[in-house]
Amino acid sequence: MALKMIDYGSPEYKQMTQLRLDMLRKPLGLTFTAEELENEKDDVLIGAFEDEKMLGCCLLTKVDEKTMRLRQMAVPNSLQGKGIGRALMVFAENIARDLGYQKLIMHARKTALGFYGKLGYTIGGDEFTEVTIPHYVMEKNLR
Ligand SMILES: CC(C)(COP(=O)(O)OP(=O)(O)OC[C@H]1O[C@@H](n2cnc3c(N)ncnc32)[C@H](O)[C@@H]1OP(=O)(O)O)[C@@H](O)C(=O)NCCC(=O)NCCS
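Fair warning: this is a prediction, and the values are worked out from it, not measured in the lab. (Residues numbered from 1 in each chain as written. Predicted model: local features only at pLDDT ≥ 70, side-chain atom pairs only at ≥ 80, totals over all residues. Heavy atoms only, no water.)

Engineer: Teacher, can you tell me more about the packing of aromatic side chains here?
Structural biologist: Ring pairs (aromatic) are described by centroid distance and by the angle formed between their planes. Following the criterion strictly, the structure yields 3 aromatic pairs and no others. With centroids separated by 4.8 Å and ring planes inclined at 45 degrees, the aromatic side chains of Tyr-8 and Tyr-13 adopt a geometry described as tilted. Residue class for Tyr-8 comes out partly exposed when judged on its relative accessible area of 32%. You can call Tyr-13 buried: its relative accessible area is 6%. Among the aromatic side chains, those forming a connected cluster through ring pairs are Phe-115, Tyr-116 and Tyr-121. We note Lys-4 situated over the ring of Phe-49; from NZ or CZ to the ring centre the distance is 4.6 Å. (Phe/Tyr/Trp six-rings, centres within 6.5 Å; stacked < 30°, edge-to-face > 60°. Buried < 20%, exposed > 50% of the residue type's maximum accessible area, 1.4 Å probe, protein only. Lys NZ or Arg CZ within 6 Å of the ring centre and 35° of its normal.)

Here's what the structure looks like:
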């Protein structure tokens, strides 16, 4: 498996948006707006690959000088439970750390709390609804 940064608008980015659509939006009856995707131009876009095949993805958005937010973490159903999500998280954390950020946060789906918990993230507040489903802010100090 190769982990790499993806260029906005590249063929890999199109693969990534398709995977995110299939895994994170379509099951909820939702899609992406053009504005949402445009706002990703300055994000750190990350993919896991086996040759040309995308095994998973996530992205990092700057929140402030100290903090990045991890978003859009997805591994296809058939490939889950093999360590791909963990590898993506470790890669993303290393990038954020190398860029000088001190903290990573995410809006974690309730169903994914256990996954982020295993990677050292703690819940930072009350449950809230996003994209129609329950979420929690989770966070980890990168230092
Ligand atoms: C959540 C997700 C990214 C995890 O990816 P994955 O490749 O299956 O995770 P890994 O195989 O790297 O798992 C790492 C560890 O977390 C555990 N884990 C994975 N998903 C979990 C979950 N939903 N709940 C509890 N534990 C979980 C694994 O059992 C593993 O534990 P271990 O190290 O003790 O063996 C993936 O299941 C997914 O894409 N889910 C659907 C989309 C989604 O919910 N994305 C997150 C939005 S916030």
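Engineer: I tried to follow unusual backbone geometry on my own but got confused; where do I start?
Structural biologist: Negative phi values dominate among residues other than glycine, just as trans dominates among peptide bonds. Positive phi, close to 60 degrees, is recorded for Gln-72, a residue that is not glycine. Along the chain, Gln-72 falls in strand β4 (residues 67–74). With relative accessibility at 14%, the residue Gln-72 sits in the buried group. The phi torsion at Val-131 lies on the positive side, around 40 degrees, for a residue other than glycine. (Helix = DSSP H or I, 4+ residues; strand = E, 2+ residues; numbered from the N terminus.)

Engineer: What is the right way to read the layout of surface pockets from this model?
Structural biologist: Size it by volume and the largest pocket reaches roughly 720 Å³. Elements with a contribution of two residues or more to the lining of the largest pocket: α1 (11–25), β4, α3 (84–98), β5 (103–109) and α4 (113–118). Partitioning the lining of the largest pocket into residue classes produces 14 nonpolar, 8 polar and 8 charged. (1 Å grid on protein atoms, 1.4 Å probe; cavity = no way out; pocket = protein on both sides within 12 Å on 5 of 7 lines; lining within 4 Å. Points joined across faces, edges and corners; volume = space filled by probe spheres on them. Nonpolar A, V, L, I, M, F, W, Y, C, P; charged D, E, K, R; others polar.)

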